[in-house]
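Here are the chains, one letter per residue:
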Amino acid sequence: MKHIEQPINPANPNTIPKFVDELVKPPIAIPKANKNYPPGSYYEIKMLKAKHRFHVGFPYSEVWGYNGIIPGPTIEAKKDSTTYVKYLNKLPQKHFLPIDFSLHGTNNSPEVRTVVHLHGANVASASDGHPEAWYTKDYTATGPTFKQEVHAYTNHQPGTTMWYHDHSMGLTRLNVCAGLAGFYLLRDSSEERFHLPSGKYEIPLMIQDKSFNEDGSIFYPTKLTPPFPLPVPDQLPLPDPTITLGYVGNTIVVNGKLWPYLNVEPRKYRFRIVNGSNRRSYDLRLSNNELITQIGTDGGFLEKPNEISSITLTPAERSDIVIDFSKFAHEEIFLMNDDEEFPDEHTSVIMKFNVSLPLKGQDTSQIPALLEPAMDLHEHHAHTIRQLPLTTTLDRYGRLMLQLNGRMYHEPATEKPALDSIEIWNIINTTPVFHPVHIHLVQFKILERRPFDVDLFVAEGKLEFTGEPEKPRDYERGWKDTVKADVGKVTKLIMHWKEHTGNYIWHCHFLEHEDHDMMRPIRVIEDAHPVQPPHMDEH
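Residues numbered from 1 in each chain as written. Predicted model: local features only at pLDDT ≥ 70, side-chain atom pairs only at ≥ 80, totals over all residues. Heavy atoms only, no water.

Trainee: Whenever I open this one, the sheet that holds strand β8 (residues 181-187) confuses me. Can you help?
Mentor: Across a sheet, strands are paired by hydrogen bonds formed along the backbone, either parallel or antiparallel in direction. Here four strands make up an open sheet; going across it, the order is β3-β8-β7-β5 and the pairing mixed. The sheet terminates laterally at β3 (72-78) and β5 (116-119), the two strands that pair on one side only. Across the sheet, the mean angle from the axis of one strand to that of its neighbour is 20°, orientation sign disregarded. Pairing between β5 and strand β7 (residues 160-166): four bridges, direction antiparallel. Bridge pairing links Val-116 to Asp-166 in β7. (Pairing = 2+ DSSP bridges. Helix = DSSP H or I, 4+ residues; strand = E, 2+ residues; numbered from the N terminus. Axes fitted to C-alpha atoms, helices over the stretch in contact; angles between N-to-C directions.)

This is how it looks when you write it as structure tokens:
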């Protein structure tokens, strides 16, 4: 840690020196003895108000963290061995970030509510972290879908990088911004066979953006800037505070530190990256333009390693990569962000690698030529094809409200996949912005994207393509649970609904969009009818 002499204004990134705080690797969660669960399988993690220093030159900031730290402790799990987690809400009764009480589920519910979603998990609905399964401090009040205090993660899925975060109805954007997020690393036997970089050479990276007030407290906007749209006489006045179209910070935070540095040896390192931001995407590359070896996506290992120059991650997307520093002893390499949606000189860089440590023994880690066998789903096996438009409307205050399938959250479920069915979802984006669409419970493959005539579709409901199908980008060809639905394109996904029935959701992972009703129920049902040939869902 370096001493900072010049005055720093946390609200002004021009005054904040970069690369003065060392990257912190989140601690591993420690299981707790409980006679009701197998040894080493039960965890208790407390949600706590805490003080956190984002930068050595900052005062301490109030945060809400799992076990009082951000990110929370990393839960390490093994495939097919159930992990039990009790997340204890010990938070204050008042929120320190601004609540918009006009949003669905907020006006007549307790101010501070939490529920934890393990993002990417194949899990029973009672443990999925449904947004209405919230609970208050010490469970004094619970939401309508709350069923149990202990989440049971059976881990019946391939090893992968997941993350757990808050998912409370109407509060997700605030609770995640406050700090409620952490890693969940699921390991399987493949990792041992592969001899990938491990131990101190395997590092999770949670990338987020934040803005701060002058006193170092977290800034969260309370007004639409500019106001949208212009008020008209029959609309209600805007709530104050009001939900914004997206929280975009002016600093970059990695594992809770602003623009950190990491001292590395000249050898291979494995990085498990998650975009934990509310709204910002990242287009990541190395400053020396060396290739990155991608070995996994949201759902686990790729079929084979993928040598790429950059990776784009929208909010909630993950990438499992290996960077080889062996040729760059005594050099500085920066992790850059080339995303052009919110360009800024400060957010264009993420962190710095100092290849300054001596090599401690021979690097025996490997990147195997083959990782996992291909397990593709095929279109001709699909039982249902759904046409699912992303649309825009105005709410009763005249604010832009984005919707899935032209419906609000509270309307009855229209997506009802049958257990053990294969479905194709065509995500039809008619809105002026892209959306990271997350589907709970399943992993899917991206089949293609294809441009279409948006005006014709909006006016007449006719889907007319205007170009050829586009293959998935080179960094998104593995299993996914979150996908970038591009503007003016149909994003075609295929998925297999298996093992669980019950109530789940799908939503935009721009958290402000999600909290403002860009979220819909999914009901996975037992299907007593024989499998039918592929058909087009009426919705």
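After that view of the structure, there is still more to cover.
Trainee: Is there a simple way to explain the environment of Asn-67 in this structure?
Mentor: Mapped onto the elements, Asn-67 comes out in the loop between β2 (61-66) and β3. Relative accessible area serves as the criterion here: at 35%, Asn-67 is assigned to the partly exposed category. Residues Asn-67 and Leu-463 lie 396 residues apart in sequence; the distance between their C-alpha atoms is 49 Å. Apart from the residues within four sequence positions on either side, Asn-67 is in contact with Glu-44, Ile-45, Lys-46, Leu-48 and Pro-73. (Buried < 20%, exposed > 50% of the residue type's maximum accessible area, 1.4 Å probe, protein only. Contact = heavy atoms within 4.5 Å.)

Trainee: Just to check I follow, could you spell out the nonpolar core for this structure?
Mentor: Soluble, globular proteins show a tendency: their nonpolar side chains are buried together. Among the nonpolar cores identified, the biggest contains 79 residues, and Tyr-87, Phe-271 and Phe-353 are the most heavily contacted of them. Those residues in contact with Phe-353, other than ones at most four positions away along the chain, are Leu-262, Val-264, Phe-271, Leu-286, Ile-323, Phe-325, Glu-331, Glu-332, Ile-333 and Leu-335. Ranked by size, the runner-up nonpolar core spans 25 residues in total, among them Leu-402, Leu-404, Val-437 and Val-442. (Core = buried A, V, L, I, M, F, W, Y, C linked by side-chain atoms within 4.5 Å.)

Trainee: Which parts of the structure should I look at to understand unusual backbone geometry?
Mentor: The phi torsion of most residues other than glycine is negative, and most of the peptide bonds are trans. The omega angle of the peptide bond from Ile-70 to Pro-71 is -10°, so this bond is cis rather than trans. Position of Pro-71 among the secondary structure elements: in the loop between β2 and β3. The phi angle at Phe-19 is positive, at roughly 60°, despite the residue not being glycine. Tracing the chain through its elements places Phe-19 in the segment before β1 (42-52). Residue Phe-19 is classed as buried on the basis of its relative accessible area, which comes to 15%.

Trainee: How should the pairing of β7 be read in this particular structure?
Mentor: Remark: a regular strand shows side chains that alternate across the two faces of the sheet. Summarising burial for β7: seven of the seven residues are buried, a large majority. Pairing analysis gives six bridges linking β7 to β8, with the strands arranged antiparallel. Counterpart to Thr-161 in the pairing with β8 is Leu-185.

Trainee: Got a minute to help me understand the packing of aromatic side chains in this structure?
Mentor: The description of two aromatic rings rests on the distance between their centres and on the angle between their planes. Applying the stated rule across the entire model yields 24 aromatic pairs. With a centroid separation of 5.2 Å and an interplanar angle of 70°, the aromatic rings of Trp-425 and Trp-506 are classed as edge-to-face. Placement of the pair is Trp-425 in strand β24 (residues 421-429) and Trp-506 in strand β29 (residues 502-508), with a sequence separation of 81 residues. Here Trp-425 falls in the buried class, since its relative accessible area comes to 0%. Since its relative accessible area comes to 0%, Trp-506 is described here as buried. A network of ring pairs unites the aromatic residues Tyr-201, Tyr-269, Phe-271, Phe-325 and Phe-353 as a single cluster. Directly above the aromatic system of Trp-259 lies the positively charged group of Lys-18, at a separation of 4.5 Å from the ring centroid. (Phe/Tyr/Trp six-rings, centres within 6.5 Å; stacked < 30°, edge-to-face > 60°. Lys NZ or Arg CZ within 6 Å of the ring centre and 35° of its normal.)

Trainee: Can you walk me through the environment of His-383 in this structure?
Mentor: When you line up the elements, His-383 lands in the loop between β21 (349-354) and β22 (384-394). When the C-alpha positions of His-383 and Thr-430 are compared, they lie 26 Å apart, and in sequence the two are 47 residues distant.

Trainee: Help me understand the pairing of β21 in this model?
Mentor: Buried residues dominate β21, accounting for six of its six residues. In the sheet, strand β20 (residues 332-337) pairs with β21 via five bridges, with the strands oriented antiparallel. Pairing of Leu-335 across the sheet is with Met-351, part of β21.

No statement about biological role is implied by the geometric values presented.
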